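One-letter residues, chain by chain:
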Amino acid sequence: MSSPARQLLQLISTSLSTLETTCAEKGFNIPDLHTTFDPASEAFRNDPVAGEAASVLGAAALQLAAIFIPPQVSLYHTVAGFMRSAAARVCIESNVTEILREGSPNGVHVNEIAAKNGRDPQKIGRFLRILANHHIYREVRPNVFTNTRISSLLDTLKPSAELFAHPAQKHENTPGLAAIACHHLDEAFKAAAYAWETVSDPNMTDATTDSPLSRATGRKETLWEFYQRPENFHKYERFNIGMRGMRALQPGDVGLHAFDWKSLAKGSVVVDVGGGLGSVSLPVAREYPDLQIVVQDLPPVIESATKLWKKENPDALESGRVKLEAHDFFKTQPHKGADVFLLKQILHDWPDASCIPILRHLREAASPTTKLVIMDTLIPFACHDPAVGIGREIPGAVPKEASSPLLANYGAVGEMAYIADMTMFFIANAQERTVVEMDNLLRRTGWELTLVRRPETGNNHFVLSMEAIPMEKS
Ligand SMILES: C[S@@+](CC[C@H](N)C(=O)[O-])C[C@H]1O[C@@H](n2cnc3c(N)ncnc32)[C@H](O)[C@@H]1O
């Protein structure tokens with residue numbers, strides 16, 4: 001039997017061959033770390049063979065690194081992770097990625113970066129260098145940096161002069177990934193610093209107002225109350241733009257694959273509950289113009305959504321086939337007997353005690369044929385899942401697992417699921433759920449989980465979709 005390191009090396013070698021052959025056959029490019037990110041360069045991940053090979057390759061490479069990097073250095077990748085977070089925030093807020101995009105492709109000197117963003121050149125160089133160690137930016141010559149495929153994800157695609165002239169509008173009309181990164185590096189980062197103080201407090205409860213964010217701000221309020229305070233409203237807008245930016249973190253257009261939309265009859269009613277700006281409803285409305293869609297959210301979000309829809313799909317609003325509606329999901333649902341109630345990344349924002357009324361209001365409004373579609377993360381174990389706990393067969397309930405010596409969940413390749421889970425704790429005292437936890441929650445509120453739709457590539461637990469139907473009332 002060869003050593004674990006040899007087995008991992010073998011997995012890397014065979015996966016790379018599979019990836020190269022599949023990409024050559026199907027016309028995909030293998031990404032180049034030194035070129036700019038482009039969604040098309042991620043296309044290969046939607047191919048089951050190429051996507052699986054890339055996941056195995058990444059998981060094996062990370063595990064091999066854990067064997068050979070000195071353990072104290074590996075430990076400090078985590079212990080000092082906050083330093084990289086802080087460096088990333090400085091670079092995003094001071095528009096470094098945009099400055100590098102506009103500069104020479106051979107690199108931009110820190111003095112030139114500083115001349116544009118007004119920061120200290122030496123400090124900017126130090127922040128860029130710690131990120132360059134992780135291939136976010138690249139130091140091509142001493143103190144001269146370029147973007148990489150990873151840092152270019154942070155590009156708002158706006159001229160830097162416009163960003164400096166209108167800093168408050170930085171994220172408006174952008175792809176949104178910089179916006180969601182700023183949300184994590186601001187609200188979530190500051191809250192995270194209080195995780196221990198929160199969990200070690202003997203008076204801590206399961207209420208959403210008992211979050212580390214509340215402790216950081218000194219106010220017992222929900223995330224949404226925090227956002228609706230006038231001084232934080234720009235953060236709410238940034239968060240909403242960021243929710244659309246999440247698409248860049250997911251393969252393809254997940255909303256279109258979340259449900260068999262074409263199975264719905266003409267005129268069927270879909271209610272996107274807590275739909276935000278319409279990250280799912282926008283593509284679904286475009287692709288399935290025969291559906292009646294209602295996007296519900298809190299009044300300030302509906303105001304922002306109206307502006308966006310008027311720009312992106314004015315016909316849908318004018319014809320009345322899409323309605324943007326202020327509605328509090330803790331109150332009675334007005335659309336009785338809707339064909340689909342959609343909850344995308346809503347339940348993960350709330351502890352169970354708050355999810356129960358949200359789900360019960362939908363159950364009360366449901367007809368016997370209503371489908372509840374939930375898009376959220378399902379947390380896999382970091383070990384083999386023995387598939388016990390649900391007590392009945394639900395297609396897709398158990399994730400595809402990687403084989404030994406890899407971690408069954410493909411390790412940090414699938415880390416976005418766990419990042420989402422931690423974020424929910426920090427900002428809302430909430431959580432992503434395992435499939436058993438989700439099933440229990442649904443059954444307590446009169447819903448029966450019938451299907452888990454997982455993307456075909458092996459490592460994807462992050463924002464998948466589930467279907468539930470009303471349980472007969474006993
Ligand atoms: C994580 S975001 C998800 C947005 C959208 N579903 C998406 O995936 O893009 C949660 C949404 O819930 C909304 N929300 C929070 N409390 C609400 C309430 N009581 N009633 C309705 N919407 C609410 C927020 O404004 C926000 O848009």
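Structure's up top.
Below, the structure is looked at part by part. Given the structure is predicted, the values throughout are model-derived calculations rather than measurements.

## Focus on the sheet that holds strand S8 (residues 371-376)
- The strand order across the open sheet formed by 7 strands is S6-S5-S4-S7-S8-S10-S9, and the pairing between neighbours is mixed. Each end of this open sheet is capped by a strand with a single partner; those strands are strand S6 (322-326) and strand S9 (447-453). For this sheet, the mean inter-axis angle between neighbouring strands, taken without regard to orientation, is 20°.
- Examined bridge by bridge, strand S4 (residues 269-273) and strand S5 (residues 292-297) share 5 bridges and lie parallel to one another. Within S5, the position partnered with Val-273 by the bridge is Gln-296.

## Description of the site of the ligand
- Within the structure, the ligand sits among 20 residues, and Tyr-236, Gly-274, Ser-279, Asp-297 and Lys-344 are positioned closest to it.
- In the environment of the ligand, a nitrogen atom lies 2.8 Å from a nitrogen or oxygen atom belonging to the backbone of Gly-274.
- A distance of 3.5 Å separates a nitrogen atom of the ligand from a polar backbone atom of His-327.
- For the ligand, whose free accessible area comes to 590 Å², the fraction covered by protein is 97%.
- For the shell around the ligand, the leading source of residues is helix H13 (residues 233-245), giving 3 residues.
- Residues belonging to the shell around the ligand are distributed by class as follows: 10 nonpolar, 6 polar and 4 charged.
- Formed jointly, the shell around the ligand draws a minimum of three residues from each of two domains, domain 3 (171-247) and domain 4 (251-470).

## Details of the packing of helix H6 (residues 110-117) against helix H7 (residues 121-132)
- Two numbers describe how H6 lies on H7: the axes approach to 8 Å, and their chain directions differ by 115°. The pairing of H6 with H7 is recorded here as roughly perpendicular in orientation. In this structure, the crossing between H6 and H7 has a hand that is right-handed. Seen from H6, the contacting residues are Val-110, Asn-111, Ile-113, Ala-114 and Asn-117; seen from H7, they are Pro-121, Ile-124, Gly-125 and Leu-128.
- Split by residue class, the contact of H6 with H7 holds 6 nonpolar, 3 polar and no charged.

## Some remarks on the side chain of Asn-429
- Within the secondary structure, Asn-429 sits in the loop between helix H19 (416-428) and helix H20 (435-444).
- On the basis of relative accessible area, Asn-429 is assigned to the buried category, the value being 10%.
- Within the structure, the side chain of Asn-429 is placed 3.1 Å from the backbone oxygen of Thr-205, a separation counted as a polar contact.
- Apart from residues lying up to four places away in sequence, Asn-429 is in contact with Met-204, Thr-205, Asp-206, Ala-207, Thr-208, Asp-210, Ser-211, Pro-351 and Met-424.

Cut-offs used in this document
Residues numbered from 1 in each chain as written. Predicted model: local features only at pLDDT ≥ 70, side-chain atom pairs only at ≥ 80, totals over all residues. Heavy atoms only, no water. Pairing = 2+ DSSP bridges. Helix = DSSP H or I, 4+ residues; strand = E, 2+ residues; numbered from the N terminus. Axes fitted to C-alpha atoms, helices over the stretch in contact; angles between N-to-C directions. Near = heavy atom within 4 Å. Polar contact = N/O pair within 3.5 Å; in protein donor to acceptor, adjacent residues only side chain to side chain. Areas by Shrake-Rupley, 256 points an atom, 1.4 Å probe, with all protein chains shown as cover. Nonpolar A, V, L, I, M, F, W, Y, C, P; charged D, E, K, R; others polar. Domains from an automatic or database assignment. Parallel < 35°, antiparallel > 145°, perpendicular 65-115°, else oblique. Left-handed = near helix turned anticlockwise from the far one by under 90°. Contact = heavy atoms within 4.5 Å. Buried < 20%, exposed > 50% of the residue type's maximum accessible area, 1.4 Å probe, protein only.

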